[in-house]
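# Examination of the molecular architecture
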Amino acid sequence: MSRRTCSRILKTGEEMRPGLASAPYLIYIGLGANMGDRRASLRRALRLLAHLEDTRLVRVSSFYGTPPWGDTEQDDFINAVAVFRTRLLPLVLLRRAQAVERALGRVRRTHWGPRTIDIDLLCADDGTGDGNLVLQLPDLCLPHPYLEKRAFVLLPLLEIAPGMLVGGKSLSSCMECLPEAAACRRLCAPPSFAVRHVL
């Protein structure tokens, strides 16, 4: 399947408010935490993201316990992936996600270090479900450049978007190449508010 660029599909028009795409699109967002009350942090982040303007929650994965990635000398994480339908342009959505991180106490001290909450934009699509819109900006690349190397993202993504391809490969085949996938485990179902308020 051909990869399409965000610049063609997510262009704005003069009659629209600044920062809005010409049509809604799907964005997959990864969430993780390994400091404090990790489950509560993920629940709070999901609530705040779900209340962003021109944005609706579609689906949330289960919560997964996962080993740290990158800097492995730290506590285990709890991770999840959620998909939203939004009209916010990706870079605008990134800024909103970073504001949510700050509101929940995120302080960026070390790269890939411990964190109260981490929110990553993973991939986007225009409703076809392939997640292959491409965006290359100094502050944001879609799909996420480490997407196919992170079991803690692929496992919850496989739960909510099993047919998605990453770099032309299925999510399950990507998982097979990652030995740390065996250490990832499902902890619990999505929070009840996320299930009730799916749109």
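Quick caveat, the model's predicted, so the values are computed rather than measured. (Residues numbered from 1 in each chain as written. Predicted model: local features only at pLDDT ≥ 70, side-chain atom pairs only at ≥ 80, totals over all residues. Heavy atoms only, no water.)

### So, the environment of D139
Worth spelling out the cut-off: Helix and strand assignments come from DSSP, with helices taken as H or I runs of at least 4 residues and strands as E runs of at least 2, each series counted from the N terminus. Every residue pair with non-hydrogen atoms within 4.5 Å of one another is taken to be in contact.
By the element assignment, D139 lies in the loop between strand 7 (133–136) and strand 8 (141–142). For the pair formed by D139 and L91, sequence separation is 48 residues and the distance between their alpha carbons is 7.9 Å. The residues touching D139, leaving out its near neighbours within four places in the chain, are L91, L94 and R95.

### Side note on the environment of L20
Selection criterion: The rule is simple: take the accessible area with a 1.4 Å probe, protein chains only, and divide by the maximum for that residue type; under 20% is buried, over 50% is exposed, in between is partly exposed.
Topologically, L20 is positioned in strand 2 (residues 20–33). What makes L20 buried here is its relative accessible area of 3%. Taking C-alpha positions, L20 is 9.2 Å from P90, a pair spaced 70 residues apart along the chain.

### Section: the confidence of the model for the protein chain
Basically, it comes down to this: As a per-residue measure, pLDDT reflects the predictor's confidence and takes values from 0 up to 100.
Counting all residues, the mean pLDDT for the protein chain is 83, and 80% of those residues have values of 70 or more. Here residues 12–16 is a poorly scored stretch, pLDDT under 50, and it has 6 contacts once near neighbours within four places are set aside; other chains count.

### Considerations on helix 2 (residues 38–50)
Note the cut-off: By this rule, a helix spans an expected 1.5 Å times one less than how many residues it contains.
An ideal rise of 1.5 Å per residue puts 18 Å on 13 residues; helix 2 measures up with 18 Å between its terminal C-alpha atoms. Every buried residue of helix 2 is accounted for by A40, S41, L42, A45, L46 and L49.

### Some details on helix 4 (residues 151–160)
When you tally the buried positions in helix 4, you get 8 out of 10 residues, the bulk of the element. By the burial criterion, the buried members of helix 4 are A151, F152, V153, L154, L155, P156, L157 and I160. Close packing links the buried residues of helix 4 with strand 2, strand 3 (55–60), strand 4 (63–66), strand 5 (77–88), strand 6 (118–125) and helix 5 (171–176).

### What about unusual backbone geometry?
For residues other than glycine, phi is negative in most cases, and the peptide bonds are mostly trans. With omega at -5 degrees, the peptide bond leading from L142 into P143 counts as cis. Relative to the elements of secondary structure, P143 occurs in the loop between strand 8 and helix 4. Even without being a glycine, D54 presents a positive backbone phi close to 55 degrees. Within the secondary structure layout, D54 lies in the loop between helix 2 and strand 3.

### What about the side chain of N34?
Rule in force here: Polar contacts, as counted here, are pairs of nitrogen or oxygen atoms within 3.5 Å of one another; within protein the pair requires one atom able to donate a hydrogen and one able to accept it, and residues that are adjacent in sequence qualify only if both atoms are side-chain atoms.
Positionally, N34 belongs in the loop between strand 2 and helix 2. At 3.0 Å, the side chain of N34 forms a polar contact with the backbone oxygen of D75. At 2.9 Å, the side chain of N34 and the backbone nitrogen of R115 are in polar contact. Apart from residues no more than four positions distant in its own chain, N34 is found in contact with Q74, D75, D76, F77, P114 and R115.

### Points about the state of the cysteines
Chemically, a disulfide is nothing more than a covalent bond linking the sulfur atoms of two cysteines. For clarity, the cut-off: Note that a disulfide, as used here, is simply two cysteine sulfur atoms within 2.5 Å.
Going through the model one piece at a time under the given rule, you end up with 0 disulfides. Unpaired in terms of disulfides, C177 finds its nearest cysteine sulfur in C174, a separation of 6.8 Å. Classification of C177 by relative accessible area gives exposed; the value is 56%.

### Re the pattern of salt bridges
This is how the line gets drawn: By salt bridge we mean one thing: a side-chain nitrogen of Lys or Arg within 4 Å of a carboxyl oxygen of Asp or Glu.
Applying the stated criterion across every chain yields a total of 5 salt bridges. Its salt-bridge partner being D139, residue R95 comes within 2.8 Å of it at the nearest N-O pair. Residue R95 is found in helix 3 (residues 90–103), and its partner D139 is found in the loop between strand 7 and strand 8; the two are separated by 44 residues along the sequence. Residues E148 and K169 are paired through a salt bridge, measuring 3.2 Å at the closest nitrogen-oxygen approach. Note that E148 is positioned in the loop between strand 8 and helix 4 and K169 in strand 10 (residues 169–170), a separation of 21 residues in sequence. Its relative accessible area of 30% is what places E148 among the partly exposed residues. Residue K169 is classed as partly exposed on the basis of its relative accessible area, which comes to 34%.

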